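Examining the three-dimensional arrangement
Spelled out from the first residue to the last, the chains are:
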Amino acid sequence: MLRLSGGVMPQQPMAGFGRDYLAIPGPSVMPDAVLQAMHRPAPNIYSGELIDITASLIPDLCRVARTKHHCAIYIANGHGVWEAALSNVVAPGETVLVPATGRFAHGWGEMAQGIGAEAQVIDFGLRDPMDMGRVAEALRADTGHKIKAVLGVFVDTSTSIKTDVSLLRKVLDEVGHPALLMADCIASLGCDAFEMDEWGVDVVVTGCQKGLMVPPGMGFVFFNERASAARAAMPRVSRYWDWAPRANPEEFYQYWNGTAPTHHIYGLRAALDIIHGEGLENVWARHERLARAIWAACDVWAQNGPLELNVADPQNRSHAVTSLRIGAPHGTALRDWLQHNLGLTLGIGLGMAPPGDPAWHGFFRLGHMGHVNGQMIMGMLGGIETGLRAIVLPHGDGAVEAAADIIAGR
Ligand SMILES: *Cc1c(COP(=O)(O)O)cnc(C)c1O
């Protein structure tokens with residue numbers, strides 16, 4: 001039979017038929033209940049259920065972040081709430097400490113520079129957890145307490161490294177440094193177990209389009225009393241980003257500082273019902289089980305050939321996103337084949353090599369956040385197995401079986 005040079009059988013692409021699967025680390029798959037809740041005519045924004053539903057979101061969002069404190073909602077993506085959080089507690093000329101385990105930490109630091117702050121970055125590279133000793137050293141060296149906040153990314157979505165944020169709090173306490181502890185939970189809230197109050201996190205930011213399963217467009221900033229006090233001591237705060245009226249609105253429009261994101265409110269209500277209906281701890285456990293199945297498959301593929309998990313120690317891996325190394329150009333070849341032939345979309349490698357550099361094509365990522373179950377993950381893994389065969393890349397045999405054992409609980 002005729003074969004193309006890459007070993008790919010000439011065949012009719014099968015994408016576009018059946019249901020496509022977007023397995024990227026956000027935006028994530030949306031539950032039908034979320035889509036159905038949003039499919040409605042424009043609602044009244046002056047009175048009626050929209051006002052009550054909005055008020056009902058706040059305690060249920062706080063339950064996801066595990067905080068008894070405050071929540072401000074923004075019409076914004078993750079970058080928006082990065083800036084929102086910073087604008088409330090960091091003044092121009094102040095310093096933020098950025099212990100970085102991937103591209104997103106650098107991005108948050110750049111956002112701080114954009115509002116006139118200085119970002120002191122400690123770069124831990126792309127594969128390793130933070131060295132808390134180096135964080136302690138940087139804080140200890142700051143005898144004048146110029147560092148106003150430590151910006152910790154809980155799960156860096158580029159590398160899939162998960163940081164033990166409770167250790168950052170311990171380091172701050174041991175050094176006796178008064179900086180606020182701020183955490184980016186955009187990739188991972190509602191996926192990886194996270195405890196804002198118990199871990200002593202002062203500010204948490206997240207978006208709605210990953211673990212919260214709503215189309216992009218809403219962001220959330222959670223903050224405690226320490227952060228509130230820091231906000232009150234600011235010389236000025238941008239009127240739009242100010243979290244105080246949003247978290248404590250006297251009028252409905254103050255939640256949003258303008259028109260409400262009407263349909264997102266309905267979508268988020270449905271999503272929070274799903275999360276709390278399942279139970280947050282069950283949600284975490286499901287993500288862990290599915291992540292372990294993915295890692296088991298990847299470990300088998302890695303036994304023969306270039307595919308490799310980016311993070312060696314499972315302790316330091318997210319349960320929401322998995323970053324892989326496969327060597328250029330195989331990452332792009334695999335993604336393209338799956339996209340065009342199976343309707344399966346995998347995430348691009350992000351921040352692992354500069355765009356334009358041929359090495360950029362040697363990475364890919366899997367999103368497994370939010371509305372995912374065993375058959376979707378088995379389908380994704382079976383799809384990748386198919387793609388590895390199609391592009392004729394060596395790989396260990398039995399990966400899908402290894403994942404099946406984990407999901408079967410064997
Ligand atoms: C997705 C993500 C962001 C950026 O969110 P946008 O909505 O794309 O602006 C920031 N940080 C982390 C950890 C993320 O996963």
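For every chain, the first residue of the written sequence is number 1, and numbering continues from 1 onward in sequence order. It should be noted that, the model being predicted, local features are given only for residues of pLDDT at least 70 and side-chain atom pairs only at 80 or more, the latter also being counted only at that level, while totals for whole chains, interfaces and linings use all residues. Heavy atoms from the whole structure form the basis of all side-chain values; hydrogens and water molecules are not counted.

1. Observations regarding the overall build of the protein chain
Short version of the rule: Helix and strand labels come from DSSP, where a helix needs a run of H or I of at least four residues and a strand needs a run of E of at least two; each type is numbered from the N terminus. All radius of gyration figures rest on C-alpha atoms, and the globule criterion is 2.2 Å times the number of residues raised to 0.38. We call a residue buried when its accessible area falls under 20% of the maximum for its residue type, exposed when it is over 50%, and partly exposed in between, using a 1.4 Å probe and counting protein chains only. Should any heavy atoms of two residues lie within 4.5 Å, those residues are considered in contact. Residue burial considers only the protein chains on display, and all accessible areas are found by Shrake-Rupley using a 1.4 Å probe. Note that His is not counted, nor are the chain ends; the positive residues are Lys and Arg, and the negative ones are Asp and Glu. Where a charge lies is defined by one atom per residue type, namely NZ (Lys), CZ (Arg), CG (Asp) and CD (Glu).
What the protein chain contains, in helices and strands, is 13 helices and 14 strands. Here the C-alpha atoms of the protein chain give a radius of gyration of 22 Å, agreeing with the 22 Å that 2.2 N^0.38 yields for 410 residues. Along the longest, intermediate and shortest principal axes, the C-alpha atoms of the protein chain span 75 × 55 × 40 Å. When burial is assessed residue by residue, the protein chain has 56% of its 410 residues classed as buried. For the protein chain, contacts bridging at least 24 residues in sequence account for 73% of all contacts bridging at least 6. Within the structure as shown, the protein chain displays about 16,900 Å² of accessible surface, and the carbon and sulfur contribution to it stands at 53%. When the 31 basic and 41 acidic side-chain charges of the protein chain are each reduced to a single mean position, those positions are 1 Å apart.

2. Let's talk about the sheet that holds strand 11 (residues 308–309)
Which entries qualify depends on this criterion: Criterion used throughout: strands pair if DSSP finds at least two bridges between them. Angles shown run from 0 to 180 degrees and are taken between the N-to-C directions of axes, each axis being a line fitted to C-alpha atoms and, for helices, limited to the stretch in contact.
The five strands are arranged 1-13-14-12-11 in an open sheet whose pairing can be described as mixed. In this open sheet, the two edge strands, each paired with only one partner strand, are strand 1 (21–23) and strand 11. Here strand 12 (residues 321–325) pairs with strand 14 (residues 363–367) via five bridges, running antiparallel. Residue pairing across strands places Thr322 opposite Leu366, the latter belonging to strand 14. Together, strand 13 (344–348) and strand 14 form the strand contacts of helix 11 (residues 330–342), whose direction differs from that of strand 13 by roughly 155°.

3. Brief notes about the site of the ligand
As a reminder, the rule being used: Residue proximity to a molecule or strand is established when one non-hydrogen atom of the residue lies within 4 Å of it. For the purposes of these results, a polar contact is taken to be a pair of N or O atoms within 3.5 Å, where, inside protein, one atom must be able to donate a hydrogen and its partner to accept one; residues adjacent in sequence count only when each atom of the pair is a side-chain atom.
The local shell around the ligand holds 13 residues, among which His79, Thr157, Asp184, Gln209 and Lys210 are the closest. Residue Thr157 places a side-chain N or O atom 2.3 Å away from an oxygen atom belonging to the ligand. Taking Lys210, its side chain carries an N or O atom lying 2.7 Å from an oxygen atom of the ligand. About the coverage of the ligand: the protein hides 89% of its 380 Å² of free accessible area.

4. Overview of the environment of Ile58
Summarising the element assignment, Ile58 is placed in helix 2 (residues 49–65). For the pair Ile58 and Thr386, spaced 328 residues apart in sequence, the C-alpha separation works out to 44 Å. Not counting chain neighbours up to four residues away, the residues in contact with Ile58 comprise Cys71, Ile73 and Tyr255.

5. Overview of the sheet that holds strand 3 (residues 95–100)
Taken in spatial order, the seven strands make up an open sheet running 2-10-9-8-5-3-4, and their pairing is mixed. On the outer flanks of this sheet lie strand 2 (70–74) and strand 4 (118–123), each paired with one strand and no other. Across the sheet, the mean angle separating the axes of adjacent strands is 20° when strand polarity is ignored. Examined bridge by bridge, strand 5 (residues 147–153) and strand 8 (residues 180–184) share five bridges and lie parallel to one another.

6. Some words on the pattern of salt bridges
Cut-off, in case you're wondering: Salt bridges, as used here, are contacts in which a Lys or Arg side-chain nitrogen is within 4 Å of a carboxyl oxygen on Asp or Glu.
All chains considered together, the criterion is met by 18 salt bridges. Close ionic contact of Glu278 with Arg286 constitutes a salt bridge, the shortest N to O distance being 2.8 Å. Given a relative accessible area of 22%, Arg286 falls into the partly exposed group. When salt bridges with common partners are traced through the structure, they connect Asp60, Arg63, Arg269 and Asp273 into a single cluster.

7. Description of the nonpolar core
Our working rule: Side-chain atoms within 4.5 Å are what join buried Ala, Val, Leu, Ile, Met, Phe, Trp, Tyr and Cys residues into a set we call a nonpolar core. These domain limits were set by an automatic method or by a database of domain assignments.
Formed by 66 residues in total, the largest nonpolar core has its most connected members in Leu61, Val135, Phe194, Val201, Phe220 and Phe222. Examining the composition of this core, we find that eight residues originate from one element, helix 2, more than from any other. Composition of this core by domain shows at least three residues from each of domain 1 (2–29 + 279–407) and domain 2 (40–276). Aside from chain neighbours lying at most four places away, what touches Val135 is Leu97, Pro99, Ile122, Phe124, Leu168 and Val171. Ala23, Cys298, Val300 and Trp301 belong to the second-largest nonpolar core, a separate cluster that totals 36 residues.

8. Topic: the confidence of the model for the protein chain
Note the cut-off: Looking at any residue, its pLDDT shows the predictor's confidence there, from 0 to 100.
Residues with a pLDDT of 70 or more make up 97% of the protein chain, whose mean pLDDT is 96. Note on residues 1–7: pLDDT under 50 across the span, and nine contacts to partners over four residues away in sequence or across chains.

9. Observations concerning the packing of helix 10 (residues 280–302) against helix 12 (residues 374–390)
Put simply, the rule reads: These descriptions rest on fixed angle ranges, namely under 35 degrees for roughly parallel, over 145 for roughly antiparallel, 65 to 115 for roughly perpendicular, and the rest for oblique. Crossing chirality is assigned from the near helix's rotation relative to the far helix, an anticlockwise turn below a right angle marking it left-handed and a clockwise turn marking it right-handed.
Axis separation between helix 10 and helix 12 bottoms out at 10 Å; the angle between their running directions is 15°. Judged on the interaxial angle alone, helix 12 and helix 10 are roughly parallel. In terms of crossing hand, the pair formed by helix 10 and helix 12 is right-handed. Residues Leu290, Ala293, Ile294, Ala297 and Trp301 of helix 10 touch helix 12, and the partners they reach there are Gly374, Ile377, Met380, Leu381, Ile384, Glu385 and Leu388.

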